[in-house]
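Structure at a glance
Now for the letters of each chain:
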Amino acid sequence: MNNRVTVRPFVESDATQVRELFITVNRLLAPAALEDVFEAYVVSSLAEEIDRISAYYAERNGGFWVAAMGSGIAGMFGLEQSGSDALELRR
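Report on the accompanying structure. A quick note: this is a predicted structure, and the numbers were derived from the prediction, not measured. (Residues numbered from 1 in each chain as written. Predicted model: local features only at pLDDT ≥ 70, side-chain atom pairs only at ≥ 80, totals over all residues. Heavy atoms only, no water.)

1. Let's talk about the sheet that holds strand 1 (residues 5–9)
- The four strands lie next to each other as 1-2-3-4, forming an open sheet whose pairing is antiparallel. Single-partner strands in this sheet number two, and they are strand 1 and strand 4 (86–90). Averaged over all neighbouring strand pairs, the angle between strand axes comes to 25°, with direction disregarded.
- Pairing geometry for strand 2 (residues 63–69) and strand 3 (residues 72–83), over seven bridges, is antiparallel. By the bridge assignment for strand 3, Met69 is matched with Gly72.
- Against the sheet, helix 1 (residues 15–29) makes contact with strand 2 and strand 3, and its axis sits at roughly 85° relative to strand 3, the strand it touches most. (Pairing = 2+ DSSP bridges. Helix = DSSP H or I, 4+ residues; strand = E, 2+ residues; numbered from the N terminus. Axes fitted to C-alpha atoms, helices over the stretch in contact; angles between N-to-C directions. Contact = heavy atoms within 4.5 Å.)

Below is the structure:
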């Protein structure tokens, strides 16, 4: 088993695994009393960002990367422009 992590730019073939990881992590983080709020957040984030990563980050002068381990995606992050000389770290 290859335990080496490689950080590389997102490619469209990563989309399914990125989507599944995003959903899984947010459901694990959801406190029991806020499950409905987290589910609404997941639904809106999928539509606005995760299901259109390339377009979303291009529109914001940013980029999206994945942490690949073996044939899977172990992590992810995006950077989007938040000011003329600043980026915001996301995901």
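2. Quick notes on the side chain of Glu80
- Looking at where Glu80 falls in the secondary structure, it is placed in strand 3.
- Residue Glu80 is classed as buried on the basis of its relative accessible area, which comes to 10%.
- In terms of polar contacts, Glu80 uses its side chain to reach the side chain of Tyr56, at 3.0 Å.
- With residues near it in sequence (within four places) discarded, Glu80 still touches Tyr56, Tyr57, Arg60, Gly62, Ala86, Leu87, Glu88 and Arg90. (Buried < 20%, exposed > 50% of the residue type's maximum accessible area, 1.4 Å probe, protein only. Polar contact = N/O pair within 3.5 Å; in protein donor to acceptor, adjacent residues only side chain to side chain.)

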